[in-house]
Amino acid sequence: MLPTVREVLRMEPVARALPEVLTGRERLDAPVRWVHVAETAEAARLGSGGELLLATGVGWPADDASLRRLGRVLIEADVAGLVLELGPPMPVPPPALVDEFRTAGRPFAVLHREARFVAITEAVHSRIIAEQMGALRARDDIHALFTDLSLRGSPADFIVEQAARVLGCPVVLEDTNHRVIAAGGIDAASRTGGGAELADWEQRSRAEHRSRTGGWTIVPVEARGMRWGHLIALPGEPHPAGRSNVLEQAAVALALSRLTDRDDDEWTRRSHDALLASLLGRRFAGEGGVTARFEAAGFPLSGRTVAGAAVRLRSGTLPASAATRAVEAARAAGVDAVAGRHPEQAGTLVVAVSPRPGRALGDAVFAAIAEAAASSRTDDPAAVVAVGSDARGIAGLLSSLEEAVALATASAGGRPEGQRLGRTVVVQRVSHRPLLRLVNALGGDPRMLEHTEQMLRPLIEHDLATGGDLVEVLRAYLSHPGNRTRAAAASHLSRSVFYQRIALIEELLGMDLDDGETVAALHAAVLARGPAR
């Protein structure tokens, strides 16, 4: 960073001469690009702007009109300031010249003692050259960093995070529709969890692109003549390599990453995966921050009904394009959506939906989402979609998603029951499963965990010791009460083997599985235990 006029006046060779600032105090922080000794207007006129001029006045004119012209020439040359050494040639600062500088608001300082101009220029130029060398080294370091990230094939979110770390401020990657793809440097530990930085992102971004008055540094991310978005650094401290240079290097790394992606939707898919993983994993400090992240990604929450859904194909394998197709189908139905693979359960697609005004979340909407997710699997197009409760806000969305995942998991492996739409999709709603909804609402309540342990401990210990499957056989039995034939089919066992397992379960538990209260208590315990482990 270049020294300022203020810093030059504080340097030892200048400070020893007792400087006094007469005008332009408000511009003492202007950068000094170079220092010249210039005694005439002709010499000053040859500058290119940003120079600090040193003078004794020996070549200056004596009349006020000429001094005013000299002042205008210096100001038009865009000098950073003028420093006059008082002495025999010029014992007092000329009022006409001082007035010109005062009118222009430019620094004019006088030295009350003799100064060694050579020492001043040497000190300032050494500082400038050192700063320039530091900037070159910083640029080399930045180039090496982002080149290494490119060669390593680092994902977009990591590149953005590194840019934020280097600049020490939030950095956002947005698409051409001003939707946030990735954000780095957001203070997740703050009370709002970074909500302030991303709040009303689309409106703020569009306004800043138009006006460029908010102090944002914006560079495009593009390659092969196509613009994919923008990389934006929010206001922060200067960087030795230059904030724009840092972002430009990061943008090159992002463009190379984009070129190696399998398709054009890769960034959006990864963004949605990360959003849903952070929500389902409860990796956020406050609701405001995660709400802002979802809304910045194009998923409105304020004032809207929201719901979660979980899609599973009969084969248990999701195509790579399932999330993209699901979002497209939702938007075609007038519903905003975020979709991604479940972070822990392979083969499960989780979808957050937010209907636009005048639209409803009917079964047909979820059937369309499930059909689209399965559409690229021509060998196995059948799908089951589990739907959580309608809700409000980010906390309600989280609960609805968890309900949907729990319902999809509880239904896995058996013959799905629910509203059949067409030949390929079954829609299941948690509202039709009151016990599952109750257990999910209790969540990690210690009393519910204790109940699960008390009811299932003998079966769990037996399975751990023998590698058995008694808990899962019991799950199949409870999912089809009163129909042991279907329960046996759901557990993938022959009827005779299934009956043997049931007898062993009753023996280990010391319970009668034909007793209604026992079945209810065991069903709650199995649901609270969660999916197969």
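These numbers come from a predicted model, not from an experiment.

Rules behind the numbers
- Residues numbered from 1 in each chain as written.
- Predicted model: local features only at pLDDT ≥ 70, side-chain atom pairs only at ≥ 80, totals over all residues.
- Heavy atoms only, no water.
- Axes fitted to C-alpha atoms, helices over the stretch in contact; angles between N-to-C directions.
- Helix = DSSP H or I, 4+ residues; strand = E, 2+ residues; numbered from the N terminus.
- Left-handed = near helix turned anticlockwise from the far one by under 90°.
- Contact = heavy atoms within 4.5 Å.
- Nonpolar A, V, L, I, M, F, W, Y, C, P; charged D, E, K, R; others polar.
- Buried < 20%, exposed > 50% of the residue type's maximum accessible area, 1.4 Å probe, protein only.
- Pairing = 2+ DSSP bridges.
- Salt bridge = Lys/Arg side-chain N within 4 Å of Asp/Glu carboxyl O.

Colleague: Now, about the packing of helix 4 (residues 64-76) against helix 5 (residues 95-104): what can you tell me, with residues and values included?
Modeller: Put simply, helix 4 and helix 5 touch, their axes get as near as 8 Å, and they point 35° apart. Helix-helix and strand crossings are classified by hand; for helix 4 and helix 5 the assignment is right-handed. Facing helix 4, whose interface residues are Asp64, Leu67, Arg68, Leu70, Gly71, Arg72, Leu74 and Ile75, helix 5 presents Ala96, Leu97, Asp99, Glu100, Phe101 and Ala104. A per-class count over the contact of helix 4 with helix 5 returns 8 nonpolar, 1 polar and 5 charged.

Colleague: Outline the pairing of strand 12 (residues 348-355), supporting the account with residue identities and numerical values.
Modeller: Of all 8 residues in strand 12, 8 are buried; the element is thus mostly enclosed. What you see with strand 12 is no split at all: Thr348, Val350, Ala352 and Ser354 on one side and Leu349, Val351, Val353 and Pro355 on the other are buried throughout. Here strand 10 (residues 305-313) pairs with strand 12 via 6 bridges, running antiparallel. Within strand 12, the position partnered with glycine 308 by the bridge is alanine 352. In this structure, strand 11 (residues 335-341) lies alongside strand 12, joined through 7 bridges in antiparallel fashion.

Colleague: Describe in detail the sheet that holds strand 6 (residues 171-175), supporting the description with residues and values.
Modeller: Taken in spatial order, the 4 strands line up as 7-6-9-8 in an open sheet, and their pairing is antiparallel. The open sheet has two edge strands with one neighbour each: strand 7 (180-184) and strand 8 (217-223). This sheet shows a mean twist of 20° between the axes of neighbouring strands, independent of strand direction. The sheet contact formed by strand 8 and strand 9 (residues 226-233) spans 7 bridges and is antiparallel. Its bridge partner being in strand 9, proline 220 is matched across the sheet by histidine 230. Strands strand 6, strand 7, strand 8 and strand 9 of the sheet are contacted by helix 11 (residues 266-280), whose axis makes an angle of about 60° with strand 7.

Colleague: Help me get a handle on the pattern of salt bridges, residues and values and all.
Modeller: Enumeration according to the criterion identifies 24 salt bridges in this entry. Measuring nitrogen to oxygen at the nearest pair gives 3.0 Å for the salt bridge that ties glutamate 131 to arginine 127. Of the two residues, glutamate 131 and arginine 127 both sit in helix 6 (residues 117-152), 4 residues apart, roughly one turn of that helix. The salt bridge involving arginine 270 is made with glutamate 266; its shortest N-O contact spans 3.1 Å. Of this pair, arginine 270 and glutamate 266 both sit in helix 11, 4 residues apart, roughly one helical turn. When its relative accessible area of 35% is taken as the criterion, arginine 270 is described as partly exposed. If you follow the salt bridges from partner to partner, you end up with Arg68, Arg72, Asp99, Glu100 and Arg102 in one network.

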